[in-house]
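Residues per chain, in single letters:
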Amino acid sequence: MTDGRVVGSRRVCEHDVVLDIRNDPVLFELARDVDRRCRLRGSFQLRSGIVADEYFDKYLFEADPQLLRRITERMVALVPEDTEMLGGLELGGIPLVTMLSQLTGLPSLFIRKKAKTYGTQQLAEGGEVRDRRIVLIEDVITTGGAVVAATEQLRSRGAIVDTVICAIDRSNPDINQLPSVQVGVRPVLTKQILDTVHQQ
């Protein structure tokens with residue numbers, strides 16, 4: 001599934017996108033506005049237990065209707081032509097996939113972290129996944145663990161999954177798990193872009 005290209009020290013999948021804001025003022029403005037809205041200063045205890053003086057609150061852009069729409073409008077061009085369904089990952093991918101479904105006309109799925117144990121016992125709510133080409137939608141990718149888990153569960157149910165579109169790719173190549181399941185990433189923004197606009 002990889003085409004052998006190398007970006008920096010990272011081998012990328014065929015769907016990976018390398019972003020450059022130097023010649024894209026619209027993307028620059030979006031990155032600046034997301035960074036200003038979501039990068040918080042203070043004292044924050046992280047999941048690891050470490051106390052940090054900076055925190056990036058991704059839910060602030062998802063709760064802002066204008067930012068949410070601007071981000072999903074950029075996602076439209078990243079959707080592969082052969083996509084049959086869009087699968088939003090619980091929780092952060094749900095508002096994004098809902099908006100993106102409206103913009104593209106593609107049906108959406110709401111993918112749980114675990115299949116529910118009652119009722120229909122579905123992992124993906126919204127339709128049948130077998131033999132369907134599903135593009136996953138996520139808000140922020142750090143290690144890719146949630147995407148890997150969703151990919152493996154959907155594939156076990158007969159779905160075709162090889163691409164994830166995310167609002168922000170904050171992953172470190174050394175810990176990114178997505179190459180292990182041959183899933184390519186198509187991000188709107190990256191940590192590098194957000195750090196660049198933050199410094200300006």
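The rules behind these values
- Residues take numbers from 1 onward in each chain, read along the sequence in its written order.
- Reporting of local features is limited, given that this is a predicted model, to residues whose pLDDT is at least 70; pairs of side-chain atoms are given and counted only at 80 or more, and all residues count toward the totals for whole chains, interfaces and linings.
- As a rule here, side-chain values come from all non-hydrogen atoms in the structure, and water together with hydrogens is ignored.
- Numbered from the N terminus, helices here are DSSP runs of H or I no shorter than four residues, and strands are runs of E no shorter than two.
- For each residue, the accessible area found with a 1.4 Å probe, counting protein chains only, is set against the maximum for its type, and the residue is called buried under 20%, exposed over 50%, and partly exposed in between.
- Residue contacts are counted whenever heavy atoms from the two residues lie within 4.5 Å of one another.
- Axis definition: a line fitted to C-alpha atoms, over the contacting stretch in the case of helices. Angles run 0 to 180 degrees between N-to-C directions.
- Any angle that is under 35 degrees is reported as roughly parallel, and any over 145 degrees as roughly antiparallel; angles of 65 to 115 degrees are reported as roughly perpendicular and all others as oblique.
- What makes a crossing left-handed is the near helix being turned counterclockwise from the far one by less than a right angle; a clockwise turn instead makes it right-handed.
- Amino acid classes used here: Ala, Val, Leu, Ile, Met, Phe, Trp, Tyr, Cys and Pro are nonpolar; Asp, Glu, Lys and Arg are charged; the rest, including Gly, are polar.
- By convention in these notes, a salt bridge is any Lys or Arg side-chain nitrogen within 4 Å of a carboxyl oxygen on Asp or Glu.
- For the purposes of this section, nonpolar cores are sets of buried Ala, Val, Leu, Ile, Met, Phe, Trp, Tyr and Cys residues that join through side-chain atoms within 4.5 Å.
- By this rule the span expected of a helix is its residue count minus one, scaled by 1.5 Å.
- Each direction from the helix axis to a C-beta atom contributes to the arc, which is the arc of those directions.

Asker: It is not clear to me how the overall build of the protein should be interpreted in this structure. Could you clarify?
Answerer: Looking only at helices and strands, one finds six helices and 10 strands in the protein. Out of the 200 residues belonging to the protein, those deemed buried represent 44%. Within the protein, contacts between residues at least 6 apart in sequence are counted, and of these 60% link residues at least 24 apart.

Asker: Help me understand the packing of helix α3 (residues 65–76) against helix α4 (residues 93–104) in this model?
Answerer: With their axes 9 Å apart at the nearest point, α3 and α4 run at an angle of 60 degrees to one another. Taken together, the axis directions place α3 and α4 in an arrangement best described as oblique. In this structure, the crossing between α3 and α4 has a hand that is right-handed. Side by side, α3 and α4 meet where Leu 68, Arg 69, Ile 71, Thr 72, Glu 73, Met 75 and Val 76 of the first sit next to Pro 95, Leu 96, Met 99, Leu 100, Leu 103 and Thr 104 of the second. Of the residues in the contact of α3 with α4, the class split is nine nonpolar, two polar and two charged.

Asker: Honestly, the pattern of salt bridges in this entry has me stumped. Any pointers?
Answerer: Side chains that differ in sign of charge can pair as their charged atoms come close. All chains considered together, the criterion is met by 16 salt bridges. The closest approach of N and O atoms between Asp 33 and Arg 32, which form a salt bridge, is 3.4 Å. Among the charged side chains, a network of salt bridges with common partners joins Asp 35, Arg 39, Arg 41, Asp 53, Glu 54, Lys 191 and Asp 195.

Asker: I tried to follow the nonpolar core on my own but got confused; where do I start?
Answerer: If you look at soluble globular proteins, the nonpolar side chains tend to sit buried side by side. In terms of nonpolar packing, the biggest core is built from 32 residues, with Val 34, Phe 61, Ile 71, Met 75, Ile 137, Ile 168 and Leu 189 touching the most fellow members. Put simply, the parts of the chain that give this core at least two residues each are α1 (25–38), α2 (59–62), α3, α4, β8 (134–141), β9 (163–169), β10 (184–190) and α6 (191–198). With five residues, the top contributor of residues to this core is α1. Dropping the residues within four chain positions of it, Ile 168 is found in contact with Val 34, Phe 56, Phe 61, Asp 139, Val 140, Ile 141, Leu 189, Thr 190, Lys 191 and Leu 194.

Asker: Explanation requested: α3 in the structure shown.
Answerer: Residues spaced three or four apart along an α-helix point in a common direction, a consequence of the helix completing one turn every 3.6 residues. In a regular helix each residue adds 1.5 Å, so 12 residues correspond to 16 Å; α3 covers 17 Å between its end C-alpha atoms and thus fits that length. Within α3, burial applies to Leu 67, Leu 68, Ile 71, Thr 72 and Met 75. In a view along the axis of α3, the buried residues occupy a sector of 125 degrees, so they form one face of it. Residues of α3 that are exposed and point more than 90 degrees away from the buried face comprise Pro 65 and Gln 66. On its buried face, α3 sits against α1, α2, α4, β8, β9 and β10.

Asker: Help me understand helix α5 (residues 145–156) in this model?
Answerer: When the terminal C-alpha atoms of α5 are compared, their 17 Å separation across 12 residues agrees well with the 16 Å that a helix rising 1.5 Å per residue should span. Taken together, the buried positions of α5 are Val 147, Val 148, Ala 150, Thr 151 and Leu 154. With its buried residues spanning 170 degrees around the axis, α5 presents them on a single face. As for α5, its buried residues are in contact with β5 (85–89), β6 (108–111), β7 (124–125), β8 and β9. Just beyond α5, the residue with positive phi is Gly 158, at close to 95 degrees.

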